[in-house]
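# Report on the structure
This is what each chain is made of:
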Amino acid sequence: MWHNIIFILIVVIIAFVGFTNYSLAKDNNANSALEQLSKSALVNKLEQLPDESTIKDYPPGAMCYRVAAPPERVEYICPVCGEMTLYPIYYADIDKIPYYRTLVKKITKINVTLDESPLCKKCSPNIKSRELCLIVKYDKNAQPHKTCDITDEDINLLYEYSEGIKEHRTSYGKEPLNNYKGRLEELFGVSIIDLGK
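This is a predicted model, so every value here is computed, not measured. (Residues numbered from 1 in each chain as written. Predicted model: local features only at pLDDT ≥ 70, side-chain atom pairs only at ≥ 80, totals over all residues. Heavy atoms only, no water.)

## Overview of the state of the cysteines
Keep this limit in mind: A pair of sulfur atoms, both from cysteines and within 2.5 Å, is called a disulfide here. Numbered from the N terminus, helices here are DSSP runs of H or I no shorter than four residues, and strands are runs of E no shorter than two. For every residue, the accessible area (1.4 Å probe, protein chains only) is compared with the maximum for its type, and the residue is labelled buried under 20%, exposed over 50%, or partly exposed between those bounds.
Here the structure, examined in full by the defined rule, presents one disulfide. Paired by a disulfide, Cys 133 and Cys 148 hold their sulfur atoms 2.0 Å apart. Measuring the twist about the S-S bond at about 95°, one finds the Cys 133-Cys 148 disulfide to be right-handed. On the criterion of sequence distance, the pair formed by Cys 133 in strand β4 (residues 133-137) and Cys 148 in strand β5 (residues 145-148) is long-range, its members being 15 residues apart. Judged by relative accessible area, which is 0%, Cys 133 ranks as buried. Using a relative accessible area of 31% as the deciding quantity, one classes Cys 148 as partly exposed. The thiol of Cys 78 is not disulfide-bonded; the next cysteine sulfur, from Cys 123, is found 3.7 Å away. Cys 123 forms no disulfide, and the closest cysteine sulfur to it belongs to Cys 120, at a distance of 3.7 Å.

In structure tokens:
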């Protein structure tokens, strides 16, 4: 009896393996037939493509491959009126404004303000030279004096003078503040300044 059960199991296993191989072979043959059909259809369509000489007007190609260039302008927002003015990207003063604002805030003993109005086309529509200015009022009775085309060194000179510092710090070291007497006179709008406070 055990022999019969073992024999039946062996027959079932052989039949199962044979049927599986048959179905796999059949699927492979079907796939290969489909491949042949699609290859022949592909070749047929390639052969039917027109010659280059029969096409007169080529459609325009896609233009989306070029990388967009960075903007060639910089935006300036006026702190007074809030209007935007566009400048060429190489206009260096725009990049320096936040730094200049910080330097001016350090000056507490003299009334110094950064005048940005010449940079705003709404606040100063008819001005030809668009540059940063400093307005200095050194005592209560003095008239405010405006100096344009300023640098960070000008602001530092005013700070050092107002704090009673006798030396001006440069990128090369320190120099006597008296060496910058002429520029301080221009910034204050006076002819003589007593630097020996």
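That shown, we press on.
## With respect to a nonpolar patch on the surface
Selection rule: In this analysis, a patch consists of residues with relative accessible area above 30% that form no salt bridge, clustered at 9 Å for like charges and at 5 Å for the nonpolar side chains Val, Leu, Ile, Met, Phe, Trp and Tyr. Only the protein chains shown count as covering a residue, and every accessible area follows the Shrake-Rupley method with a 1.4 Å probe. In what follows, salt bridge is the name for a side-chain nitrogen of Lys or Arg lying within 4 Å of a carboxyl oxygen of Asp or Glu.
The grouping of Ile 77, Met 84 and Leu 86 at the surface amounts to a nonpolar patch, some 250 Å² of accessible area in total. For Met 84, the location among the structural elements is in strand β2 (residues 84-88). Taking the relative accessible area as the measure of exposure, Met 84 reaches 42% and is therefore partly exposed.

So, to be careful, I would describe these as geometric facts and stop short of saying anything about function.
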